[in-house]
Structures are given as C-alpha cells and as structure tokens.
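Here's the letter readout for the chains.
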Amino acid sequence: MDATMDTMGSGQIEPITKAKATGAVSDPIFIGLLWASGIFVLILLGLIIAQLFLGGLPALRHFGLDFIWTASWNPVTENYGALVMIYGTLFSAVIAVVVALPLSFGIAFFLTEICPQALKRPIGVAVQLLAAVPSIIYGMWGFFIIVPLMAAYVQPPLIETLGQLPVLGLLFAGPPLGSGMLTAGLILAVMILPFITAMFVETLESVPPMLKESAYGVGGTTYEVYKNVSIPYGRTAMVGAIMLGLGRALGETMAVTFVIGNATRLSASLFAPGATIASTIANEFPEAPIGSLKLTSLLQLGFILFVISFIVLALSRALVRSRLD
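Description of the structure in this document. What you see is a predicted model; the values in this text were computed from it and never measured.

### Let's talk about the overall build of the protein
Next, step 1: If you tally the helices and strands in the protein, you get eleven helices and two strands.
Next, step 2: Ordered by position from the N terminus, the helices and strands of the protein form the series α-α-β-β-α-α-α-α-α-α-α-α-α.
Next, step 3: Relative to the globule expectation of 20 Å for 325 residues, the C-alpha radius of gyration of the protein, 27 Å, shows a markedly less compact shape.
Next, step 4: Projecting the C-alpha coordinates of the protein onto the three principal axes gives extents of approximately 100 × 65 × 40 Å.
Next, step 5: Counting every position in the protein, which comprises 325 residues, the buried fraction comes to 36%.
Next, step 6: Put simply, of all contacts in the protein between residues at least 6 apart along the chain, 74% involve residues at least 24 apart.
Next, step 7: For the protein, the exposed surface amounts to about 18,200 Å²; the carbon and sulfur share of it is 72%.
Next, step 8: Computing the positive centroid from 14 side-chain charges and the negative centroid from 16, the protein places the two 4 Å apart.

Dropping the structure here:
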C-alpha cells in the first residue's frame, strides 16, 4: 500500500515540477514580450511626433507662430499659413458630428427598442457595412452623386431663402457649386455614422432591463424611458462615441478631397469651397521638393493635425471623467 501511494505521489509531483520549471523560463519571456509591446507603441508614437515636429520646424522658424494665424497659402511666393486648413478641418468635422449625432441616436434607439427581431440583424449588418466602405469610394460617390444633387436641388433654395437673412445669411451665401464645406460635412457624417451608432447600440443594450421595466411600471412612455433611463445610464460611453466620431472626421483625407473644393481661402459660407489639413497634404505633398519650404510647411500642418487630435482626445477623457465623478 505504501509503495503504491509513493508511486502515485511521485507521479503527481513530477508534472507539477515540470510545469514550475517550464513556467520559470516562459513567464519572464512572456512578461518581457508584453513590456516590449507596450514600449514599442510609445516609441513608435514618439518617433512619429518627432518626425513631424522636426520636419516642420524650419517652417515654424521661418514664419513663427504667424504660421498658425495666416490665411494665405501661396506656393508661388512661398507664403504659407495654416489658418484656412485648421478652420476647414474643424468646421467640416463639426458639421459631420452635428448631422451624424441625431441619426445615430435614432438608429440605435430603433434597433434596441422598436425594430422587429426579423429586421434587427439585417439593418445592424447594413450599418456595420458602412464602416467597411473605403474612403475613396465615399469620395467618388460624393463627387458624382451628392455634389450634383446639392448644386441642383439643395443649395439654390437655401440661398434664395436663408441666404437673404441679415446674419444667418452669411452661412448660405455664394453660388451653388455643389462642393464645399456642407457637402464635405455630409460625406463625413455618413462615414462616422456606423462608428457612433455601433457604440450607441452596445451602450443601450447594456442598460439593465430592471431599470427600464421599473420606469415602464410607473407609467413611463417609450420616449421617457429612453430619455430619463437609457441615456443617463450610458452617457459616459456615448460621450466617448461622439469624440471617437469627431476624431475620425478630423483625419479623413480622400473623401474630403473629392468634395470640399480644395480652395485655400477663408469663408463663413457652408457652400464655399475650402480645404482641410489632410486634403491639403494629399494634394500638395507630391509637388513638394525635398528640403523645400513647402514640404516643411506640410509637415508642420501634419503636426498641427496631431495636436488637434490630441486635444480632442484629452477633452473626451476629461468629459468622461467628469461624468464618472
């Protein structure tokens, strides 16, 4: 009996000993790989920031901080400024969020509360497929379909009615070209719609059923439950979703390049052609000789776009933290 127990005991101890020996070798390697992965991300980000900053430093030295506030972009006279591009980037992104936000709320609420089960999956898949469409396809669709429609059916009546108002008319002034800030904002809205909607759907589906049933039990309507229960419960995640969509709109390149008009002049009109940082880099970079002032100005534009994206991320984290507190 004792011999049998000794044999069984030694048989059980041997695999444990081998596992400990293997773990003593593999665990440090695994932990080292994890550290390397985390540090690699920081190094990569640091190299990108350094490349943009150092590459654009000659332009900053040449123009000073006036580079940020100057509205002129003239390759002939080598007078470069970032104001028009910064304005176009922020303006088009804000238009996109303003348009996409109510649509995302409506789609998410429909999918989670009203949509029949037979249609929920097809509509959900269709929304997700919008995120898989390449940006250049959105740009071509916008150029060949949306721009003519805007020029023929949307911009003329808005110019004739709202364009005649004293102050508000500045937003709807100008010829109906079809391309411009509003068109770019609409294309961006379609592009960021699936990202915001997907996060909204996940947030609304995470609301505990007991909370909604309690609200219905005291006589709340569907709208009241949505407004007073679902949105307050998931508002932190919703703020993050909105900021994610804004960040996506800020850096979009090809789709905006097709429809914004690519004019480096400042205008308050929604119909006026403009330019963003990303579209300007895409258009001007192939024609910028190495070492030229134009190339360094484009690199400085890239650094400014990174700073804007960082500010948006910081604001989103601050808003989320304030909601949690």
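### Concerning a nonpolar patch on the surface
Next, step 1: A surface patch of nonpolar side chains, amounting to about 1,100 Å² of accessible area, comprises Val-133, Ile-136, Ile-137, Met-140, Trp-141, Phe-143, Phe-144, Ile-145, Leu-149, Tyr-153, Val-154 and Met-254.
Next, step 2: The element that contributes the greatest number of residues to the nonpolar patch is helix 5 (residues 135-161), accounting for ten residues.

### Things to note about the packing of aromatic side chains
Next, step 1: Per the counting criterion, the structure on display carries ten aromatic pairs.
Next, step 2: Ring centres of Tyr-87 and Phe-91 lie 5.3 Å apart, and the angle between their planes is 40 degrees; on these two criteria the pair is classed as tilted. Of this pair, Tyr-87 and Phe-91 both sit in helix 3 (residues 83-114), four residues apart, which is roughly one turn of that helix.
Next, step 3: Its relative accessible area of 25% is what places Tyr-87 among the partly exposed residues.
Next, step 4: Classification of Phe-91 by relative accessible area gives buried; the value is 18%.
Next, step 5: Joined through ring pairs, the aromatic side chains of Phe-63, Phe-67, Trp-73 and Tyr-80 make up one cluster.

Thresholds, definitions, all that
Residues numbered from 1 in each chain as written. Predicted model: local features only at pLDDT ≥ 70, side-chain atom pairs only at ≥ 80, totals over all residues. Heavy atoms only, no water. Helix = DSSP H or I, 4+ residues; strand = E, 2+ residues; numbered from the N terminus. Rg over C-alpha atoms; globule rule 2.2 N^0.38 Å. Buried < 20%, exposed > 50% of the residue type's maximum accessible area, 1.4 Å probe, protein only. Contact = heavy atoms within 4.5 Å. Areas by Shrake-Rupley, 256 points an atom, 1.4 Å probe, with all protein chains shown as cover. Lys, Arg positive; Asp, Glu negative; His and termini not counted. Charge placed at Lys NZ, Arg CZ, Asp CG, Glu CD. Patch = residues over 30% accessible without salt bridge, like charges linked within 9 Å, V, L, I, M, F, W, Y side chains within 5 Å. Salt bridge = Lys/Arg side-chain N within 4 Å of Asp/Glu carboxyl O. Phe/Tyr/Trp six-rings, centres within 6.5 Å; stacked < 30°, edge-to-face > 60°.

Fair warning: the whole summary comes from geometry, so function is off the table for now.
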